[in-house]
Amino acid sequence: MSSATDAPPAATRYIDALVGGMADALEEDDSVILIGIDVGAGGGIFTATKGLHERFGDERVLDTPISEMAFAGAAVGAAMTGLRPIVEIMFMDFVSVCMDPILNQAAKLRYMTAGALEIPVVFRTQTGAGKSAGAQHSQSLEAWFAHVPGLKVVMPATVTDAHDLLLASVRDPNPVVFIENRRLYGMRGELGVDALPLGRARVARSGEDVTVVTWGQSLRECLAAAEEGPASLEVVDLRSLVPLDMETVLESVRRTGRLLVVHEAVQDFGAGAEIAAHVAAELFDELRTPVRRLGTPAVPMPFSPELERSLLPGSKAIASAAHSLQMEG
Amino acid sequence: MTTKSPSHEGPDAAAIPARELFSTMALIRAFETSVAQLYKDGEIPGFVHTSLGQEAVAAGVCTALGPDDYLATTHRGHGHCLAKGVDVDGMMAELFARAEGICGGKGGSMHVADPSRGVLGANAIVGASLPLAVGAALSSKLRGQGRVAVAFFGEGAVNQGAFHESVNLAAIWDLPVLLVCENNIYAEFSDSRRMTRVPSVVERSAGHGVDGRAVDGNDVEAVYAAAREAAERCRAGEGPLLIEAETYRWHGHYEGDAQRYKPEEESAAWRDQDPLAVHARRLVERGEATREELDAIEASQRERVDASIARARSLAPPEPEEAFAHVFGD
């Protein structure tokens, strides 16, 4: 188990950065608890909670029955009475059976009570198509939550952010939906690189021709596309959809005059449309070409690896879309 | 219930705050009667669900709790909030959607909350009070606070997954949760006895290994005694426990519901079991109060509610910018 406060290994895996973020949160504040299916002695099905039960015990790391409605709702009740729960929803698709605690309770109770109740809860979950997990274990549903006022939506794409944004989410006084991508779990990187607060986007790579805005695992594809050329891409990692740092996006698009938004989630009605609308509204006269989006086509994710690969926006499709934008004007 | 200590052998007249129970029921009766009329007159916006006829459950349970005990309730929660000590003026102003309402005019009838009284809120989602109370009880247990968390819900909520998941979770974690089902027979417009093969909520909780007791929900002393014993047992680590209070909803699911689905003779029979009248008769018979004294208590509660109405009418709505406050905390 790694932790930012211990000496980190030279290259930390994303999943170990998550474990470290949770360990630091549990260590620094004894009101932090971890709740979820198999998060205890089992260490989580992806090892995201490995060693935490051993280190913090039964009262801080609680295994639950397969009852997302009850334990997500109980986490909200615990958050309004002084605890700071981290709830693991094993796959993002499973939020479908516990939307009430997230959508109607956590997101709204501060507002409906004019601030009398505070709900510091983190709903940790993971998504990630590309592993033949099928249509019920592959969905990226971040736009659902970004559409609900009162929820922060955080999507770490780097090892540093896996640790830092998780810790920041636990410290945040608001409910946070924290979305990991399981294809990033084995990715190695450094902790403590270019640390930024929650709510700020990061320019992951500077470029001149096209601004590419992305988040989550698509960041890797966009950075790979930037290597492929020929267009010079400025890649912006949003890091969180709520808060949405449009300032960093607009500043970049003002320079490049072109915007491509890339996400793994279904393109239709996705968060990319929100970014595109903002940019079109703010920078209409400065855009050299229409804004373009690249997401997964609007079909349920198929099981077949070949079909799945054909749908997900990869580096070649991104490079090609960016190049065609550059050619358009 | 399985264990009893000698001091918990049912209602002990000497220990029961009988006049306080009457006074609390009278407050709820006055509040709900006025609110129903104000809604009809168009003075209160939104949806209103009154608890007329169910006053004994709210008064009996909440009087048995301490000020720090938690409570999560339902869309029909006015009585529970009042009985737990939420300010009458603040509540009435909230129903009038005034800036000085207990929730700044942003919650309304279905979302009255006051954490300073342990009230985690009325809630407009059927069954939602259950997991929230389980979480509050988890806080109490992990922080060693000795607080009990009460979830009020109707028998309609017992057909929600949230009920079964929450009762099971509270059971495996041995949480100090007192589950109070107000069985008022109707789940919205439908007769609940036709919506399950097991109409007894006590039986259904027993299936999760949770002890329950059915009480006459129109007998405030019976409710109080059951709640006091259950709360003490929860504090002693014997939770969760369930009380099924059998009662009747005089008005519709919401104000304005014509109640075509209820047989008249049934409604009339339950009106004869008016919880205030039942308790008043008993107080007079036992020589603990005269009819005149009880009339004076009722009149005084009506005056208190009337004053809250006059005050609410005089108050301003929230400023437009208030719509943008409290979405997020800093």
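Quick caveat, the model's predicted, so the values are computed rather than measured.

Cut-off values and rules
- Think of each chain on its own: its residues are numbered from 1, step by step along the sequence as written.
- Labels follow written order: the first chain is A, the first ligand is 1, and so on.
- Predicted model: local features are reported for residues with pLDDT of at least 70 only, side-chain atom pairs are reported and counted for 80 or more only, and whole-chain, interface and lining totals are derived from all residues.
- For two strands to be treated as a pair, DSSP must find at least two bridges joining them.
- A run of DSSP states H or I qualifies as a helix once it reaches four residues; a run of E qualifies as a strand once it reaches two. Both are numbered from the N-terminal end.
- Only C-alpha atoms enter the line fits that serve as axes; for helices the fit covers just the stretch in contact. Angles between N-to-C directions range over 0 to 180 degrees.
- A helix is expected to span 1.5 Å for every residue after the first.
- Using C-beta atoms placed from the backbone, we call a residue buried if 20 or more other C-beta atoms fall within 10 Å of its own, exposed if 12 or fewer do, and partly exposed for counts in between.
- We call two residues in contact when their backbone-placed C-beta atoms lie within 7 Å.
- For every residue, the predictor states its confidence as a pLDDT score lying anywhere from 0 to 100.
- Here, the term right-handed applies to a crossover whose path from the first strand over the helix to the second runs clockwise when the strands point away from the viewer.

### Here's the deal with the sheet that holds strand β4 (residues 177-183) of chain B
All names here are of chain B.
Then, number 1: Pairing in this open sheet of six strands is parallel, and the strands run β2-β1-β3-β4-β8-β7 from one edge to the other. Single-partner strands in this sheet number two, and they are β2 (119-121) and β7 (212-216). Adjacent strand axes in the sheet meet at a mean angle of 20 degrees when their direction is disregarded.
Then, number 2: For strand β1 (residues 70-72) and β2, the ladder comprises two bridges, and the chain directions are parallel. Paired with Leu-71 across the two strands is Val-119, which belongs to β2.

### Side note on helix α6 (residues 161-172) of chain B
Then, number 1: Between its terminal C-alpha atoms α6 of chain B stretches 17 Å, which fits the 16 Å expected from twelve residues at 1.5 Å a residue.
Then, number 2: Within α6 of chain B, nine of the twelve residues are buried, leaving the element largely enclosed by the surrounding structure.
Then, number 3: Along α6 of chain B, the residues that are buried comprise Ala-162, Phe-163, His-164, Glu-165, Ser-166, Val-167, Asn-168, Leu-169 and Ala-170 of chain B.
Then, number 4: Residues of α6 of chain B that are buried sit in contact with α3 (68-79) of chain A together with α5 (129-142), β3 (149-154), β4 and α7 (201-206) of chain B.

### Topic: the confidence of the model for chain B
Residue and element names in this part refer to chain B.
Then, number 1: Across chain B, the average pLDDT comes to 95, with 96% of residues at or above 70.
Then, number 2: Segment residues 1-11: pLDDT under 50, and eleven contacts once partners within four positions in sequence are set aside and those in other chains are kept.
Then, number 3: Predicted complex metrics record ipTM = 0.94 and pTM = 0.95.

### Quick word on the pairing of strand β8 (residues 241-246) of chain B
In summary, the side chains of a regular strand alternate between the two faces of the sheet.
All names here are of chain B.
Then, number 1: Among the six residues of β8, five are classified as buried, and the element is accordingly described as predominantly covered.
Then, number 2: In terms of strand pairing, β7 meets β8 through five bridges, oriented parallel. Across the sheet, the residue bridging to Asp-216 is Glu-246, located in β8.
Then, number 3: Between the parallel elements β7 and β8, the chain passes through helix α8 (residues 220-238) in a crossover that is right-handed.

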